[in-house]
Amino acid sequence: MSQYKDLSSYKLAVKLRSRKTILVEGVSDKTVLSRFILGKNHLDAVNSAFIIDDVSIIGPDEQFSGLGNRQKLLVTASRVVQPNKIKYFADREWDNIDLSAVSLNCFSQSSQTVLLTKGHSIENYWFDKGAIVSFLIQTHAENINDGYLSEVSKRFNEFLRFSASYSIAAKDSQAITKCGGLIGAGDVVWTGARYEATEDLNLKCRQRRIESNIVQLMQDNRAQIDAIQPALLQWICHGHLGEEAIRACAANLAKEYGIGDNTVSSIERGHQKEKLNHDAAYIAGCENSRIHPLDEILTWVRG
């Protein structure tokens, strides 16, 4: 529900606040950033006064007509310019990403006021083997084993390559929204060297009226994906779809290890809220260089 009738009302509210403001795109961004800042403050024994808003609290301003949350945030940033009072945190998506030349330079910041996630979106910060192993132990310890967790760690780069390939195929098909909640353990196969999509994925796509051959597109883009340094792979996956693909691979591996169907299903798609909270807490324990520009937001809030 909107708390401010339009941009002018929000601009005045920010000006009158004694605390600093961070405006984000959505509720999950607010959840993660709140837990991150509070977690870091607790670890460092520091107090800071701040407010995190998501863009939905601003009413239907005429400049928002037909825009998604990211575009609304960027419009707000152009209208509410108070550098000492407010910063903006938005998804990078695939801005400045050229798959044929992926390097650290692709993930730089171009503004001191509108800060972009390092990767596609906030989920990418926990696309590492430490996060998924920690989550699996927290939620499924009684039904998994050391061998399975060890293999998750060993294969994690292949999880990422599959996830990146799937993300780019969905993007090229203009089917990001339709692919939400689509992929599962049964749509993935381990060849002995890498993960590939099965024809079952194409069948699911057709049921959702996705005309493109996703499996073929994944095969076509795989050479480009394989050429990207492993350390950079996590940043080019789509946030939501990438996480679903990673979990599909983890669930498929659980099947390979003879783990029960209920646990496989839970690894694939269960514990959604618990995972978000786990991962938000996980990144609070990461080194600052791993989570830029969250570290910059933290420094600003504390200043």
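In case you missed it, the structure is sitting above this.
A few points on the structure.

The rules behind these values
Residues numbered from 1 in each chain as written. Predicted model: local features only at pLDDT ≥ 70, side-chain atom pairs only at ≥ 80, totals over all residues. Heavy atoms only, no water. Buried < 20%, exposed > 50% of the residue type's maximum accessible area, 1.4 Å probe, protein only. Helix = DSSP H or I, 4+ residues; strand = E, 2+ residues; numbered from the N terminus. Pairing = 2+ DSSP bridges. Salt bridge = Lys/Arg side-chain N within 4 Å of Asp/Glu carboxyl O. Polar contact = N/O pair within 3.5 Å; in protein donor to acceptor, adjacent residues only side chain to side chain. Contact = heavy atoms within 4.5 Å. Core = buried A, V, L, I, M, F, W, Y, C linked by side-chain atoms within 4.5 Å. Axes fitted to C-alpha atoms, helices over the stretch in contact; angles between N-to-C directions. Parallel < 35°, antiparallel > 145°, perpendicular 65-115°, else oblique. Left-handed = near helix turned anticlockwise from the far one by under 90°. Nonpolar A, V, L, I, M, F, W, Y, C, P; charged D, E, K, R; others polar.

This part takes up the pairing of strand E2 (residues 50–54). For E2, the buried fraction is high: 5 of the 5 residues fall into the buried class. Burial of the side chains of E2 extends over both faces: Phe50, Ile52 and Asp54 are buried on one face and Ile51 and Asp53 on the other. Pairing analysis gives 5 bridges linking strand E1 (residues 20–24) to E2, with the strands arranged parallel. Residue pairing for E2: Lys20 is matched across the bridge by Phe50.

For the rest of this paragraph, the subject is the pattern of salt bridges. Within the structure shown, the criterion is met by 17 salt bridges. For Arg17, the salt bridge goes to Asp53, with nearest N and O atoms at 2.9 Å. Note that Arg17 is positioned in the loop between helix H1 (7–16) and E1 and Asp53 in strand E2, a separation of 36 residues in sequence. Summarising the burial analysis for this pair, Arg17 and Asp53 share the class buried. As a salt-bridge pair, Lys275 and Asp279 come within 2.6 Å of each other at their nearest N and O atoms. Remark: Asp279 and Lys275 occur in helix H11 (residues 272–284); sequence separation between them is 4 residues, near one turn of the helix.

Here we come to the side chain of His278. Within the fold, His278 resides in helix H11. For His278, a relative accessible area of 8% corresponds to the buried category. Here the side chain of His278 touches Phe135 through a polar contact of 3.4 Å, landing on its backbone nitrogen. Among all residues touching His278, those that are not within four sequence positions of it are Ala131, Ser134, Phe135 and Gln138.

We now examine the environment of Val80. Within the fold, Val80 resides in the loop between helix H3 (69–79) and strand E3 (86–90). For Val80, a relative accessible area of 1% gives the class buried. Excluding residues within four positions of it along the chain, Val80 makes contact with Leu7, Tyr10, Lys11, Ile86 and Tyr88.

Turning our attention to the environment of Leu241. Turning to its location among the elements, Leu241 is positioned in helix H9 (residues 239–256). Not counting residues up to four positions away in its chain, the partners in contact with Leu241 are Tyr166, Ala170, Ile176, Cys179 and Gly180.

Ranked by internal contacts, the top residues of the largest apolar core, which has 80 residues, are Ile22, Leu33, Ile37, Tyr148, Tyr166, Leu201 and Ile236. Broken down by element, this core gets its largest block of residues, 12 residues, from helix H5 (residues 146–172). Grouped together as the second largest cluster of nonpolar side chains are 19 residues, Leu7, Ile57, Ile86 and Val114 included.

Running from N to C, H1 and H3 point in directions that differ by 60 degrees, and their axes come no closer than 11 Å. Viewed along their axes, H1 and H3 adopt a mutual orientation that is oblique. For the element pair H1 and H3, the recorded crossing hand is right-handed. In contact with Leu7, Ser8, Tyr10 and Lys11 of H1, H3 contributes Val75, Thr76 and Arg79. Within the contact of H1 with H3, the residues separate by chemical class into 3 nonpolar, 2 polar and 2 charged.

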